[in-house]
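Chain residues, written in single-letter form:
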Amino acid sequence: MSTTDQAICLRASDYSETSQVLTLLARQSGLVRLLGKGTKRPKSKSGGGMDLFSEGRAVFAGAGRGGLGTLMEFVEEDNHAPLRRDLARLHTGLYMLEATGSLLAEADPHPEVFDLLHNALVRLAQAEASPPPVLAYFQWRLLRHAGLLGDLSACQGCGKEPPKAGVIFSSAAGGLLCRSCAAGAKDRLAVPHQTLAALEVMRQVQAGRRLPLSDAHAKALNAVLAYHLQYQLGRHLRTARHALGR
Ligand SMILES: [Zn+2]
């Protein structure tokens, strides 16, 4: 019994001279780990192996039981090639792949996350799109979808609107803490004014207003969201340093 699904390649490693172990995000099936027999053969469409970002129609079997399934066919429809021609876009895209692959459990379907990733990669490949805001929206929605991003307009301790100075972000507390509530925080990240301004923009956007997120605001927001994601995962993401530009 095989499954046919739209899929994006999140991870690829060599298994033998002709085969690869692939982690795909399939739209209906979720994260699947597959052995791609012969995917590295020169005559295969991807020519020398399936690449990260590769998106298309996958036919596979036996996935989602803890072990490796088998990729029977893959017809590439988009390889998001422009991402490879610009280092900032490439680093941002690789971080998106790693974040997605780290946050989702195997064989747990999340079509909204597939669509989110697809749209973010398409947007990121457009010359006029600046990577930091694309990443900020992506991280924001990914964390929201995972239920990890709550109300960021009030202090998680006292419920008051946080003041402009002395505010911290605590991943364990799930949001912002004012100076007096910050004392007992398990973890803390200083929240500069830029980040508070960025959060205000995101609140307005969520309320339905169309506001641009500047690169500076997006970078400040990305730092907090990436910190939160990695704290929740309990480990660092390999691609974070380059993607965040620090
Ligand atoms: Zn407080």
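Just so we're clear, the structure is a prediction, and the values are computed from it rather than from any experiment.

Scoring rules and cut-offs
Residues numbered from 1 in each chain as written. Predicted model: local features only at pLDDT ≥ 70, side-chain atom pairs only at ≥ 80, totals over all residues. Helix = DSSP H or I, 4+ residues; strand = E, 2+ residues; numbered from the N terminus. Rg over C-alpha atoms; globule rule 2.2 N^0.38 Å. Contact = placed C-beta atoms within 7 Å. Pairing = 2+ DSSP bridges. Axes fitted to C-alpha atoms, helices over the stretch in contact; angles between N-to-C directions. Core = buried A, V, L, I, M, F, W, Y, C linked by C-beta atoms within 7 Å. Buried ≥ 20, exposed ≤ 12 C-beta atoms within 10 Å, placed from the backbone. Domains from an automatic or database assignment. Nonpolar A, V, L, I, M, F, W, Y, C, P; charged D, E, K, R; others polar.

**Considerations on the overall build of the chain**
Helix and strand counts for the chain come out as 6 helices and 8 strands. When the helices and strands of the chain are placed in sequence order, the string is β-β-β-β-β-α-α-α-β-β-β-α-α-α. Its C-alpha atoms give the chain a radius of gyration of 20 Å, within 12% of the compact-globule value 18 Å for 246 residues. For the C-alpha atoms alone, the extent of the chain along its principal axes is close to 60 × 40 × 30 Å. Of the contacts made within the chain by residues no fewer than 6 positions apart, 55% connect residues no fewer than 24 positions apart.

**Some points on the sheet that holds strand β3 (residues 30-36)**
One closed barrel holds the 5 strands; their spatial order is β1-β2-β3-β5-β4, and the pairing between them is mixed. For this sheet, the mean inter-axis angle between neighbouring strands, taken without regard to orientation, is 50°. The sheet contact formed by strand β2 (residues 20-26) and β3 spans 7 bridges and is antiparallel. Along β3, the bridge assignment pairs Val 21 with Leu 35. Along the sheet face, helix α1 (residues 87-103) touches β1 (3-14), β2 and β3 and points at about 110° away from the line of β1.

**Looking at the pairing of strand β5 (residues 69-78)**
A regular strand places its side chains so that they alternate between the two faces of the sheet. Pairing analysis gives 2 bridges linking β3 to β5, with the strands arranged parallel. Bridge pairing links Leu 35 to Thr 70 in β5. Here strand β4 (residues 55-61) runs beside β5; their pairing, made up of 7 bridges, is antiparallel. Residue pairing for β5: Val 59 is matched across the bridge by Glu 73.

**Details of the nonpolar core**
Most often, soluble globular proteins have nonpolar side chains that are buried together. Formed by 65 residues in total, the largest nonpolar core has its most connected members in Cys 9, Leu 24, Leu 25, Met 96, Leu 117, Leu 121 and Leu 221. It is helix α5 (residues 215-233) that contributes the most residues to this core, 8 residues altogether. Counting only domains with at least three residues in this core, you end up with domain 1 (3-79) and domain 2 (85-244). Residues in contact with Leu 121, not counting those within four places in the same chain, are Phe 53, His 80, Leu 83, Gly 93 and Met 96.

**A short note on the domain arrangement of the chain**
On domain assignment, one finds that the chain holds domain 1 (3-79) and domain 2 (85-244). Taking only C-alpha atoms, the centre of domain 1 and the centre of domain 2 are 29 Å apart. Every contact between the two is made by 17 residues of domain 1 and, on the other side, 17 residues of domain 2. Breaking the side of domain 1 that touches domain 2 down by element, the ones donating at least two residues are β1, β2 and β3. Residue contributions to the side of domain 1 that touches domain 2 peak at 4 residues, all from β3. Its residues placed into classes, the side of domain 1 that touches domain 2 shows 8 nonpolar, 5 polar and 4 charged.

**Things to note about the environment of Gly 67**
Tracing the chain through its elements places Gly 67 in the loop between β4 and β5. Among the residues examined, Gly 67 registers 9 C-beta atoms within 10 Å and is labelled exposed. Put simply, Gly 67 and Ser 16 are 51 residues apart on the chain and 17 Å apart in space, counted from C-alpha to C-alpha.

**Quick look at the sheet that holds strand β6 (residues 168-170)**
Taken in spatial order, the 3 strands make up an open sheet running β7-β6-β8, and their pairing is antiparallel. Each end of this open sheet is capped by a strand with a single partner; those strands are β7 (175-177) and β8 (189-190). Sheet topology places β6 next to β8; 2 bridges connect them, and they run antiparallel. Residue Phe 169 lies in a different strand from β8, and its bridge partner there is Leu 189.

**Some details on unusual backbone geometry**
Although it is not a glycine, Phe 53 adopts a positive phi angle of roughly 80°. Here Phe 53 shows up in the loop between β3 and β4. By the C-beta count within 10 Å, which is 24 here, Phe 53 ends up buried. The backbone phi angle of Ala 107 is positive, close to 55°, even though this residue is not glycine.

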